[in-house]
Amino acid sequence: MRQFSVFDARVASCSSMILFIRYIFTLAIGYCFFIAPEANAQVAFTVVKATKGVADLRRYNLTDEPLELNGEWKIYPGVLLTPDSNFKKHSGYYVDFPRLFNETTINGQPMPVHGCATYKLEVILPDGLKPSELALDIPDAYSASVLYVNTTKFFNNGIPGTSAAATKPHYRPDAKRLNVNGSSFTITLLVANFHHRRGGPYRPILIGSNTWLKNRREQGRQFDLFLTGCLVMGGLFYLGLFIFGKQDRSILYFALFSLVYTYRIIGFGDYTFHHLYPNLSWFLTLRLEYLSLFFSIWFITLYNRSLYPDEYPRWAARIFIYISAGCALITLLTPTTVYTHVVTPFLLLMGVKIVFTFGIYVQAVRNKRIGAWFSFCSALVIFFVFSLVILRYFAVISINDIVLLFGYILFFFLHSLVLSYRYARRLNLITRDAEVSLKAKSDFLSTMSHEIRTPLNAVIGITNVMLHKPQRPEEKKLLDTLLLSANNLLFIINDILDFSKIESGKINLRHAAVNFEQMARQLVTEAAEWVGDKPVQILLQTDEGVNQFVQSDPERMRQVLLNLLSNAVKFTLRGKVILQIKKQFETSDSLTLEFSVADTGIGIPEEKQQIIFDKFTQVDTSIKRGYGGTGLGLAICREVLSLQQVSLQLESTEGVGSRFWFVQSFQKDKQSGKGVQYDEAQFSAESFAGLFAGKLVLIAEDNAINMMVVEKVLTNQASEIQLLKAYNGKSAVTLFMAHQPDLVLMDVQMPLVNGMDACRQMRAYEQKHGLPRTAVLALTASTQDEEQQLCLDAGMDAVLSKPFKQEDLRTQMMRLLLAK
Ligand code: ADP
């Protein structure tokens, strides 16, 4: 069955491209194709040529396909006659139907565009056909019409009158069941136009099977609504993408184009919109129809220009935009009789624009612009689709509307691809930029921290050395303050560096044997030093089962607890700070502990209890001034714990105190748990002096101040220690080979040969000569986990970060020597 072609033009309106091409087509085959986009319907059905006002259908089969009731209709120009009028009083003429008023000549004169006329046709039906199975399909006419079947008012598109005031234009084409008795009936059609630049009937009236005609209309509306749904959803999707993404204007323009163009689909052709809202004024809907056209061109021009700004000249875009805007303005400000005239020149412009846009796409492909191939293909698709429409128009081929529908959807899909492609590329670029700047930030921080840590090492080291010498009380006070300030600075640097590591995902958790009872005791001792002269008691409460070794990351756990303790001490003016570790659960393999740090401090207001875990957030700035700090501590604690799938909790009452707590499960460490037990006394300064008396220690350090600090720290604690000094890696290796020291303290970044290469050479030397392995302790100002790992890979036995505490250096050195 051949499909009706009314649908073609309507579906064609689903993209501006289609519209443009339709314009070209219009220019090629006569401009009435655009004006009457469904005119090609004439070729789709069998045409009945009425003669002298009579259409004899007796030799036609009406059940198969509808007929177009064209041919000679009788016309009574200038009057509106209802069937009960006295027709004899008026002059009647035979004219071709359907024809616009100005294309209809009466006595050699064309009828005026503004006026009215009555048309009459007698239809003789085939024998044996029930008229009730038939229907008439009545199109819209410019711009108001009423159709009578015999003496009954059958259908109306508005109200025709003999003056502008008496005429109410409206378009609502539809199919309606014929309800006549007998083998013939008379059609009386009254048409009036006083508001449009065109007047009169321009589409054929169809007669055919009721089911067929009604289904056709129904199907047409369903397609309209389907396309509308697609466009609205697509448009809203892109609008959302723009609003939340805000980077690419082409997305916005495409969204607006899709949304505006929606009206071309339901407010034009079959006028589905008028069926949904029958009471809407024709003056409003006609304006919307025209505005949607002009705005579509406006937005598609902006869209194309923003896609290919280098190919699309600004002046050209301006011309198209200004003309569209001008036409839109005329539509808004002038009456229908005026603004309906702007379409003709607009068509010419569109003809130029389509060719121009195609050229832009070709240029964009040549210049390898993002998604240009998709744009180009979309233009090809639309040309192909439209060629099919033309070929069908000339009855060369017969194609299904679905093919065209897919063509139009493909057009939108291809443009969606253009946008998605651009969007994805932009996101990739942003992500890459973010990664690069994150890396730059983390590199900067690590370099800066390295640079700050090196002199800080000297400050802390020398202060420590001086503190171990006898001084006057006021000197001691000054030195204590100096040490406190330097330690605070180190604390801040460490926090910032840690946070940058967390942000760039560079924190790797270590696993080692940890005894939390012992760690807690050390922490409490340290915290007691921060109290100063405040009446604050630091207490430790642990359960029996806590004193055993488990697998955990000792540095990170220490960091978390230390942070919580330091906050508790900082924000408590009097009362208690309690570190509590409770055993919650124990199996033969695992131990679940609850850690909590409670204080009787200033507390945290309820509304701030969540935000303080965010980076750089503090309860208020006055507190910041009063108590110091960076606002990073809790953020680090939370991140470090969440890396271990543990969440940090808080209970706090303002003015009463706070309690931070978390629960964590650990695997028991059965081997080392029994063996190596921490014994504070084992690593005391006295034992160090004893252990290292007469021992030869090689210090490889290029920085003279750092060298001096290490030297002082060591000789201060063990006067009988023997030292070898190398100021670069090369001489370190030479000294090592010549003297074979008991222990090497190795800086990592050194000239000539760096610490890692030096260590490799030492290990190779040992191996070659079958010598016992000498302990090598790396001293590095870098806190990058990678660098520490590289040190171990190079053959070093342990790594100590600079600046270090005297006790830590002592402990590490003793451990290494004892382990030999
Ligand atoms: P910092 O202590 O360096 O400012 P933190 O992230 O450790 O940064 O803490 C953030 C904020 O949370 C603190 O500035 C303080 O306002 C609040 N806070 C943290 N711990 C306590 C506590 N124990 N008592 C009262 N307020 C606290």
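Calculation rules
Residues numbered from 1 in each chain as written. Predicted model: local features only at pLDDT ≥ 70, side-chain atom pairs only at ≥ 80, totals over all residues. Heavy atoms only, no water. Helix = DSSP H or I, 4+ residues; strand = E, 2+ residues; numbered from the N terminus. Buried < 20%, exposed > 50% of the residue type's maximum accessible area, 1.4 Å probe, protein only. Contact = heavy atoms within 4.5 Å. Areas by Shrake-Rupley, 256 points an atom, 1.4 Å probe, with all protein chains shown as cover. pLDDT = per-residue confidence, 0-100. Expected span 1.5 Å × (residues − 1). Polar contact = N/O pair within 3.5 Å; in protein donor to acceptor, adjacent residues only side chain to side chain. Salt bridge = Lys/Arg side-chain N within 4 Å of Asp/Glu carboxyl O. Pairing = 2+ DSSP bridges. Near = heavy atom within 4 Å. Nonpolar A, V, L, I, M, F, W, Y, C, P; charged D, E, K, R; others polar. Patch = residues over 30% accessible without salt bridge, like charges linked within 9 Å, V, L, I, M, F, W, Y side chains within 5 Å. Axes fitted to C-alpha atoms, helices over the stretch in contact; angles between N-to-C directions. Left-handed = near helix turned anticlockwise from the far one by under 90°. Phe/Tyr/Trp six-rings, centres within 6.5 Å; stacked < 30°, edge-to-face > 60°. Parallel < 35°, antiparallel > 145°, perpendicular 65-115°, else oblique. Core = buried A, V, L, I, M, F, W, Y, C linked by side-chain atoms within 4.5 Å.

**What to know about the overall build of the protein chain**
Along the protein chain, the regular secondary structure elements total 24 helices and 26 strands. A burial count over the protein chain gives 53% of its 820 residues as buried. For the protein chain, the proportion of contacts with a sequence separation of at least 24, taken over those separated by at least 6, is 73%. Total accessible area on the protein chain stands at roughly 36,800 Å², and carbon and sulfur atoms take up 57% of it.

**Comments concerning the confidence of the model for the protein chain**
Summary statistics for the protein chain give a mean pLDDT of 84 and a share of 89% for residues scoring 70 or more. Note that residues 673-678 has pLDDT below 50 and, in this model, 7 contacts with residues that lie over four places away or in other chains.

**Quick notes on helix 14 (residues 516-531)**
Between its first and last C-alpha, helix 14 extends 22 Å over 16 residues, near the 22 Å set by a 1.5 Å rise per residue. Of all the positions in helix 14, only Phe516, Glu517, Gln518, Met519, Ala520, Leu523, Val524, Glu526, Ala527 and Val531 are classed as buried. The N-cap of helix 14, judged by a side-chain oxygen 2.9 Å from the amide nitrogen of glutamate 517 a few residues on, is asparagine 515. Downstream of helix 14 by one or two residues, glycine 532 has phi in the positive range, about 65°.

**What to know about the pattern of salt bridges**
Enumeration over the complete set of coordinates arrives at 27 salt bridges. In this structure, arginine 369 and aspartate 310 form a salt bridge, with 3.5 Å as the shortest nitrogen-oxygen distance. In this pair, arginine 369 is assigned in the loop between helix 10 (343-366) and helix 11 (372-393) and aspartate 310 in the loop between helix 7 (282-307) and helix 8 (314-333), connecting sequence segments 59 residues apart. Assessed through its relative accessible area of 32%, arginine 369 is described here as partly exposed. For the salt bridge of glutamate 311 with arginine 369, the shortest nitrogen-to-oxygen distance reads 2.7 Å. Pair noted here: glutamate 311 is in the loop between helix 7 and helix 8 and arginine 369 is in the loop between helix 10 and helix 11, with a separation of 58 residues, a long-range link. A residue is classified by how much of its surface remains accessible, and glutamate 311, at 8% relative accessible area, is buried. Counted as one network, the salt bridges with shared partners bring together Asp137, Arg216, Arg217 and Asp270.

**As for the side chain of glutamate 701**
In this structure, glutamate 701 sits in the loop between strand 22 (696-700) and helix 20 (704-717). In this structure glutamate 701 comes out as buried when scored by relative accessible area, which is 2%. A distance of 3.1 Å separates a polar atom in the side chain of glutamate 701 from the backbone nitrogen of asparagine 703. Engagement of the side chain of glutamate 701 in a polar contact is seen with the side chain of lysine 802, the distance being 3.1 Å.

**Concerning the pairing of strand 13 (residues 184-193)**
Where a strand is regular, its side chains alternate between the two sheet faces. Buried residues dominate strand 13, accounting for 8 of its 10 residues. For strand 7 (residues 115-124) and strand 13, the ladder comprises 10 bridges, and the chain directions are antiparallel. Bridge pairing in strand 13 links threonine 118 to leucine 190. In terms of strand pairing, strand 9 (residues 144-149) meets strand 13 through 6 bridges, oriented antiparallel. Looking at strand 13, one finds that leucine 147 is bridged to leucine 189.

**Here's the deal with the site of the ligand**
Contacts to the ligand come from 20 residues, most closely from Asn567, Asp599, Gln618, Thr630 and Leu634. Take leucine 634: an N or O atom from its main chain is 2.8 Å from an oxygen atom of the ligand. Here the ligand has 530 Å² of accessible area as a free molecule, and 98% of this is covered by the chains. Contributions of two or more residues to the shell around the ligand are made by helix 15 (554-570), helix 17 (633-643) and strand 21 (657-667). In terms of residue count, the dominant contributor to the shell around the ligand is helix 15 (3 residues). Partitioned by chemical class, the residues of the shell around the ligand number 9 nonpolar, 9 polar and 2 charged.

**As for unusual backbone geometry**
In this chain, phenylalanine 97 is followed by proline 98 through a cis amide linkage whose omega measures -5°. Positive phi values are uncommon outside glycine, yet asparagine 150 reaches one of about 55°. Of note, asparagine 150 is situated in the loop between strand 9 and strand 10 (152-159). Residue class for asparagine 150 comes out partly exposed when judged on its relative accessible area of 29%. For glutamine 740, which is not a glycine, the phi torsion comes out positive at approximately 45°. Within the element layout of this structure, glutamine 740 appears in the loop between helix 21 (729-739) and strand 24 (743-747).

**Quick look at a nonpolar patch on the surface**
On the surface, Phe444, Met448, Ile452 and Leu489 cluster together into a nonpolar patch covering about 340 Å² of accessible area. Considering each element in turn, the nonpolar patch owes the most residues, 3 residues, to helix 12 (residues 401-467). Of note, isoleucine 452 is situated in helix 12. Here isoleucine 452 falls in the partly exposed class, since its relative accessible area comes to 31%.

**A few points about the packing of helix 15 against helix 17**
One can describe the packing of helix 15 onto helix 17 by two numbers: an axis separation of 10 Å at closest approach and a directional angle of 145°. By crossing handedness, the relation of helix 15 to helix 17 is classed as left-handed. Side by side, helix 15 and helix 17 meet where Arg556, Gln559, Val560, Asn563, Leu564 and Asn567 of the first sit next to Gly633, Leu634, Ile636, Cys637, Val640 and Leu641 of the second. Its residues placed into classes, the contact of helix 15 with helix 17 shows 7 nonpolar, 4 polar and 1 charged.

**Overview of the packing of aromatic side chains**
Within the structure shown, the criterion is met by 33 aromatic pairs. With a centroid separation of 3.9 Å and an interplanar angle of 20°, the aromatic rings of tryptophan 73 and phenylalanine 97 are classed as stacked. Here tryptophan 73 is found in strand 3 (residues 67-77), whereas its partner phenylalanine 97 is found in strand 4 (residues 93-97), with 24 residues between them in sequence. Phenylalanine 97 carries the same exposure label as tryptophan 73, and that label is buried. Aromatic pair phenylalanine 237 and tyrosine 238: ring centres 5.2 Å apart, planes at 75°, arrangement edge-to-face. You can call phenylalanine 237 exposed: its relative accessible area is 51%.

**Some remarks on the packing of helix 13 (residues 473-503) against helix 17**
Contact pair helix 13 / helix 17: the axes reach a minimum separation of 10 Å and the direction vectors enclose 40°. The angle between helix 13 and helix 17 falls in the class oblique. Considering how the two elements wind past one another, helix 13 and helix 17 form a crossing that is left-handed. Residues Asp495, Asp498, Phe499 and Ile502 of helix 13 pack against Gly633, Ala635, Ile636, Glu639 and Val640 of helix 17. Per-class residue counts for the contact of helix 13 with helix 17 are 5 nonpolar, 1 polar and 3 charged.

**Quick look at the nonpolar core**
As a rule of thumb, soluble globular proteins bury nonpolar side chains together. Counting 61 residues, the largest nonpolar core has Phe294, Tyr303, Tyr308 and Phe346 as its most contacted members. Going through the elements one at a time, helix 4 (210-245), helix 5 (249-266), helix 7, helix 8, helix 10, helix 11 and helix 12 are the ones with two or more residues in this core. The greatest single-element share of this core, amounting to 12 residues, is contributed by helix 7. Counting 47 residues, the second-largest nonpolar core is a separate cluster that includes Ile502, Phe516, Ile636 and Phe660.

**Notes on the sheet that holds strand 21**
Sheet strands pair by backbone hydrogen bonding; their relative direction is either parallel or antiparallel. Taking strand neighbours across the sheet as the criterion, the 5 strands line up as 16-18-19-21-20 in an open arrangement whose pairing is mixed. Two strands in the sheet have a free side with no partner beyond their single neighbour: strand 16 (536-542) and strand 20 (649-653). Neighbouring strand axes in the sheet, compared pairwise and without regard to direction, differ in orientation by 15° on average. Bridge count between strand 19 (residues 590-599) and strand 21: 10 bridges; the pairing is antiparallel. When the sheet's bridge partners are listed, leucine 593 is paired in strand 21 with glutamine 664. Packing against the sheet, helix 14 makes contact with strand 16, strand 18 (575-586), strand 19 and strand 21, and its axis sits at approximately 175° to strand 16.

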